[in-house]
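Chain by chain, the residues:
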Amino acid sequence: MIILLTRAEIIEKLGTGAGEVFAELYVEYLPKVYRFISYRITDSQLAEDLTSIVFEKALTKFKSYSSDKAKFSTWIFTIARNTLIDHYRVNKREQTVKLEDAVNLVSPDSPEDESDRTEEMALLKTCLAELSHSEQEIISLKFGAEMTNRQIATTLSLSESNVGIIIYRAVRKLRDGFKVRQ
Amino acid sequence: MTREYEESRIFSENLDRLLAGKEMKIDPASGVELISAMDFAKKMTALRSEPSPQFQANLKARLLQQLRDKESLQEDPGWFGKLFRGQRLWLTAVVCAALLIVVGSVLWRTGVISPPGSSYVAPPVITSTTATTTATATTTTTTATVPTTGPYLLADASVDKPVYQPGETVNIQVNLTNVSGRPFTITQYPPILSLMSSDTKQAVYTFTAGQMSQTIPPGQKTSFTLSWNQADSKGSLVKDGNYYIELEDLDLQGKAVKLDLQKPVEFDILAGQPGGKTY
């Protein structure tokens, strides 16, 4: 029955069968929310904790959500962004990792491919930390949340063309920083 | 149209294709800079972190259980309702007994009635925290059984003007009244407050939760004031338009304590340059 409903009808199906509705949205959005957060938070355990907080808040507020006011993706990423803002304000520090620390994170028993990947991920996050806050946020919304430029523009009150240029410049900065450090 | 603008447009189109799981359309005649950027975007996509299957399954199970608990509280009248359904006389007797218990507990709390030889014992305290506390924060403990139903707090707020010039400070006052019948402690006071754009329905600025603990006696209210300089989370002045205030729910052992304003509080910010004539 749920499968035959349109997405708008599913989201409006509150009060009864909300478990199935939420479960479907959870399956679609959990990886995106997790990736969005993990672009800003290096520690994977902390990224999981913050992702849990986002979905627990979303579940608490789910009955008051209305697709007339905002799309579900806009709504849940607003919760995610606010959760990150609160985390940074409470902890008052940026989440970065140095390359040498990242090397220590690799288990000596890991296969070589996995250790290369872990090292490259840490290097990428080091380069990300050197971008401005707005560039970091746009990159995490693009690569993590997989938002279109138009959605990012709406979320951050920017023009769509401006978002496109910022992403292009930020990726080139990351590429150059990556090359220098490799 | 500059070269960079054109390249960024092609880059964005291909990046959207890549993120949708499709092949990028790279024209070999594209500049070296563009091709190199697209190659790096592929690398970035491949290096993305994914949530572990165990984390996904555990969180899903926890959320569904919370949802089932909520639904069963709403739908199930409980053994109480089932036992006395359709039995008026029993229902009357039960209501009278409940009234006697309520009156008796009020008299006991106010000291009119007390067990012989006992001294007055402070009423139990409800302790809550904000809903945004991270998982690593200290968990709060309650010293009494928590009522399963609210409301606990009534929230009302006001701003000092209905209309503001650009850059003018918006002074916000919030009052929280404890209607729970027991002392209510907010461990991160004041609670989180967001300034919302009526246009986008999104927060443009959020005041984070405070670090002090505040206990509100039953029937009493507490107030706090915040001043907003019309800056968004990036420090830029917000656009002209209509804005409203929203308070974040509190968390009471996994249950949400709503802080919905009894009356919506909204105000307008005019267009123009900062430092204009005061309204």
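Structure shown above.
Residues numbered from 1 in each chain as written. Chains lettered and ligands numbered in written order. Predicted model: local features only at pLDDT ≥ 70, side-chain atom pairs only at ≥ 80, totals over all residues. Heavy atoms only, no water.

Chemist: Quick one: what's the story with the interface of chain A and chain B, residue by residue and with numbers?
Modeler: Tallying the contact residues gives 63 residues for chain A and 56 residues for chain B. With both sides pooled, the region where chain A packs onto chain B buries about 5600 Å², and carbon together with sulfur makes up 60% of that total. It is Phe143, Tyr168 and Arg175 of chain A that lose the most area in chain A upon contact with chain B, and together they represent 13% of the buried surface on that side. Connecting chain A to chain B are 11 salt bridges. In this structure, Arg172 of chain A engages Glu4 of chain B in a salt bridge whose closest nitrogen and oxygen atoms are separated by 2.6 Å. Joining chain A to chain B, the criterion identifies 18 residue pairs in polar contact (both at pLDDT 80 or more). (Contact = heavy atoms within 4.5 Å. Buried area = accessible area lost by both parts, 1.4 Å probe. Salt bridge = Lys/Arg side-chain N within 4 Å of Asp/Glu carboxyl O. Polar contact = N/O pair within 3.5 Å; in protein donor to acceptor, adjacent residues only side chain to side chain.)

Chemist: Go over the packing of aromatic side chains with me, naming the residues and quoting the values.
Modeler: Remark: the centre distance and the inter-plane angle together describe each pair of aromatic rings, the angle taken between the planes. The final tally for this structure, using the stated rule, is 15 aromatic pairs over all chains. Aromatic side chains Tyr189 of chain B and Phe224 of chain B sit 5.6 Å apart centroid to centroid with 85 degrees between the ring planes, which places their arrangement in the edge-to-face category. Separated by 35 residues along the polypeptide, Tyr189 of chain B in strand β5 (residues 184-189) and Phe224 of chain B in strand β9 (residues 221-228) bring together distant segments of the chain. The exposure class assigned to Phe224 of chain B is buried, which follows from its relative accessible area of 6%. Taken together through their ring pairs, the aromatic side chains of Tyr164, Trp228, Tyr243 and Phe267 of chain B make up a single cluster. The ring of Tyr168 of chain A has Arg172 of chain A lying over it, and the distance from NZ or CZ to the ring centre is 4.2 Å. (Phe/Tyr/Trp six-rings, centres within 6.5 Å; stacked < 30°, edge-to-face > 60°. Helix = DSSP H or I, 4+ residues; strand = E, 2+ residues; numbered from the N terminus. Buried < 20%, exposed > 50% of the residue type's maximum accessible area, 1.4 Å probe, protein only. Lys NZ or Arg CZ within 6 Å of the ring centre and 35° of its normal.)

Chemist: Lay out the pattern of salt bridges with the relevant residues and their values.
Modeler: Overall, the coordinates contain 21 salt bridges over all chains when judged by the stated rule. A salt bridge links Lys61 of chain A to Glu248 of chain B; its shortest N-O distance comes to 3.5 Å. Taken together, the residues span two chains, with Lys61 of chain A in helix α3 (residues 44-61) and Glu248 of chain B in the loop between β10 (241-247) and β11 (250-252). Under the relative-accessibility criterion, Glu248 of chain B is labelled buried at 13%. Glu137 of chain A is the partner of Arg81 of chain A in a salt bridge, and the nearest nitrogen-oxygen pair spans 2.6 Å. Remark: Glu137 of chain A occurs in helix α7 (residues 133-144) and Arg81 of chain A occurs in helix α4 (residues 72-91); sequence separation between them is 56 residues. What makes Arg81 of chain A buried here is its relative accessible area of 10%. One network of salt bridges, in which partners are shared, links Arg169, Arg172, Arg175 and Asp176 of chain A together with Glu4 and Glu33 of chain B.

Chemist: Explain the environment of Asp176 of chain A to me, and be specific about the residues and the numbers.
Modeler: Residues and elements named next belong to chain A. Positionally, Asp176 belongs in helix α9 (residues 160-181). Classification of Asp176 as partly exposed rests on a relative accessible area of 36%. As a C-alpha pair, Asp176 and Cys127 span 49 residues in sequence and 9.1 Å in three-dimensional space.

Chemist: I'd like to hear about the pairing of strand β2 (residues 153-159) of chain B, residue by residue, with values.
Modeler: All names here are of chain B. Side-chain alternation along β2 places Leu153, Ala155, Ala157 and Val159 on a buried face and Leu154, Asp156 and Ser158 on a face that remains uncovered. Of the pairings in the sheet, the one linking β2 to strand β4 (residues 170-178) comprises seven bridges and is antiparallel in character. Note that in β4 the partner of Leu153 across the bridge is Asn178. (Pairing = 2+ DSSP bridges.)

Chemist: Could you give an account of the environment of Arg182 of chain B, naming the residues involved and the relevant values?
Modeler: Residues and elements named next belong to chain B. Note on placement: Arg182 falls in the loop between β4 and β5. The class of Arg182 is partly exposed, set by a relative accessible area of 22%. Each C-alpha atom of the pair Arg182 and Tyr152 lies 8.9 Å from the other, and the pair is 30 residues apart in sequence.

Chemist: Just give me the short version of a nonpolar patch on the surface, but keep the residues and values in it.
Modeler: Residues and elements named next belong to chain B. On the surface, a cluster of nonpolar side chains totalling about 260 Å² of accessible area is made up of Leu91, Val95 and Leu99. Tracing the backbone through its elements, the reader meets Val95 in helix α5 (residues 88-109). Of the residues examined, Val95 reaches a relative accessible area of 44% and is grouped as partly exposed. (Patch = residues over 30% accessible without salt bridge, like charges linked within 9 Å, V, L, I, M, F, W, Y side chains within 5 Å. Areas by Shrake-Rupley, 256 points an atom, 1.4 Å probe, with all protein chains shown as cover.)

Chemist: An account of the environment of Ser223 of chain B is needed here, citing residue identities and associated values.
Modeler: Residue and element names in this part refer to chain B. Examined against the element boundaries, Ser223 turns out to sit in strand β9. Classification of Ser223 as partly exposed rests on a relative accessible area of 36%. Residues contacting Ser223, with those up to four places away along its chain left out, are Gln173, Val174, Asn175 and Tyr189. A distance of 2.5 Å separates the side chain of Ser223 from the side chain of Asn175, its partner in a polar contact.

Chemist: How would you sum up the nonpolar core? Please name residues and give values.
Modeler: Counting 69 residues, the largest nonpolar core has Ile37, Phe55, Ile76, Phe77, Ile139 and Val171 of chain A together with Phe11 of chain B as the members making the most contacts within it. Setting aside residues up to four positions removed in sequence, Ile139 of chain A forms contacts with Tyr39, Leu128, Leu131, Gly144, Ile167, Ala170 and Val171 of chain A together with Met44 of chain B. (Core = buried A, V, L, I, M, F, W, Y, C linked by side-chain atoms within 4.5 Å.)

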